[in-house]
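What follows is the residue order along each chain.
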Amino acid sequence: MTFKNPVHRGGARRGRFEQFAEYASNFTSSPAFFAFCLLLAGFFVAAHAAHLRLEVLLLAGESMTAVTLLLLALLKNAEMRAEHAIQRKLDAIAGALLAAHPEVRSQAFEDLRHAIRMEEET
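Here's a quick rundown of the structure. (Residues numbered from 1 in each chain as written. Predicted model: local features only at pLDDT ≥ 70, side-chain atom pairs only at ≥ 80, totals over all residues. Heavy atoms only, no water.)

## What about the overall build of the protein?
Secondary structure assignment for the protein yields 4 helices and 0 strands. Going from N to C terminus, the protein has its helices and strands arranged as α-α-α-α. Buried positions account for 16% of the 122 residues belonging to the protein. Long-range pairs, those at least 24 residues apart, make up 53% of the contacts in the protein between residues at least 6 apart in sequence. With an accessible surface of roughly 9,600 Å², the protein has 67% of that area assigned to carbon and sulfur atoms. (Helix = DSSP H or I, 4+ residues; strand = E, 2+ residues; numbered from the N terminus. Buried < 20%, exposed > 50% of the residue type's maximum accessible area, 1.4 Å probe, protein only. Contact = heavy atoms within 4.5 Å. Areas by Shrake-Rupley, 256 points an atom, 1.4 Å probe, with all protein chains shown as cover.)

Structure follows, in structure tokens:
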């Protein structure tokens, strides 16, 4: 098990987990998944309204909890990937600005130079 940021694992090629996470993210943003969640929530409400057995109520609640935890993991993975992509783009823009004006040596120039890859320090 590794505790590295998902974007730093496996090099430039995406692994099976990254591909699965992308497919799952695409599915969870689809109308079919929304309908599934509505059915699951409806089952939860109906089970409580019908005063069904405790086992059925637990099944409904635990199913909703499992879906919530899976969605949280997918959301965090997508957030980290998007943040990393934005940082890479900003670093490229900053590098291009610095390369376009190499003769300028102001405080803003130095601040911009030090800001490149700053996110890796935090």
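Once the structure has been displayed, the description carries forward.
## A look at the packing of aromatic side chains
Evaluation of the coordinates by the stated rule reveals 2 aromatic pairs. Ring geometry for Phe 27 versus Phe 33: centroids 5.5 Å apart, planes at 70°, classification edge-to-face. For Phe 33, a relative accessible area of 9% translates into the label buried. Among the aromatic side chains, those forming a connected cluster through ring pairs are Phe 27, Phe 33 and Phe 36. (Phe/Tyr/Trp six-rings, centres within 6.5 Å; stacked < 30°, edge-to-face > 60°.)

## Concerning the environment of Ala 73
With respect to the helices, strands and loops of the structure, Ala 73 is situated in helix α3 (residues 54-100). Residues Ala 73 and Ala 21, spaced 52 residues apart in sequence, show a C-alpha to C-alpha distance of 9.2 Å.

## Here we look at helix α1 (residues 16-28)
A rise of 1.5 Å per residue sets the reference length of α1, with its 13 residues, at 18 Å; its end C-alpha atoms lie 18 Å apart and thus fit the reference within 8%. What α1 keeps buried is the set Glu 18, Ala 21 and Ala 24. What you see down the axis of α1 is that its buried residues fit within an arc of 125°, all on one side. Across from the buried face of α1, at angles greater than 90 degrees, the exposed residues are Arg 16, Phe 20 and Tyr 23. Packing partners of the buried residues in α1 comprise α3. (Expected span 1.5 Å × (residues − 1). Arc of directions from axis to C-beta.)

## Here we look at the environment of Ser 63
Within the element layout of this structure, Ser 63 appears in helix α3. Separated by 22 residues in sequence, Ser 63 and Ala 41 have C-alpha atoms that sit 9.7 Å apart. In terms of polar contacts, Ser 63 uses its side chain to reach the backbone carbonyl oxygen of Leu 59, at 2.7 Å. (Polar contact = N/O pair within 3.5 Å; in protein donor to acceptor, adjacent residues only side chain to side chain.)

## Comments concerning the packing of α3 against helix α4 (residues 107-115)
Their axes nearest at 9 Å, the elements α3 and α4 cross at an angle of 145°. In terms of crossing hand, the pair formed by α3 and α4 is left-handed. In this structure, α3 uses Asp 91, Ala 94, Leu 97 and Leu 98 to contact α4, whose residues at the interface are Phe 109, Leu 112, Arg 113 and Ala 115. When the residues that make up the contact of α3 with α4 are grouped by side-chain class, the tally is 6 nonpolar, no polar and 2 charged. (Axes fitted to C-alpha atoms, helices over the stretch in contact; angles between N-to-C directions. Left-handed = near helix turned anticlockwise from the far one by under 90°. Nonpolar A, V, L, I, M, F, W, Y, C, P; charged D, E, K, R; others polar.)

## Structural notes on the side chain of Asp 91
Note that Asp 91 resides in helix α3. Not counting the four nearest positions on each side in its chain, Asp 91 is found in contact with Ala 115, Ile 116, Arg 117 and Glu 119.

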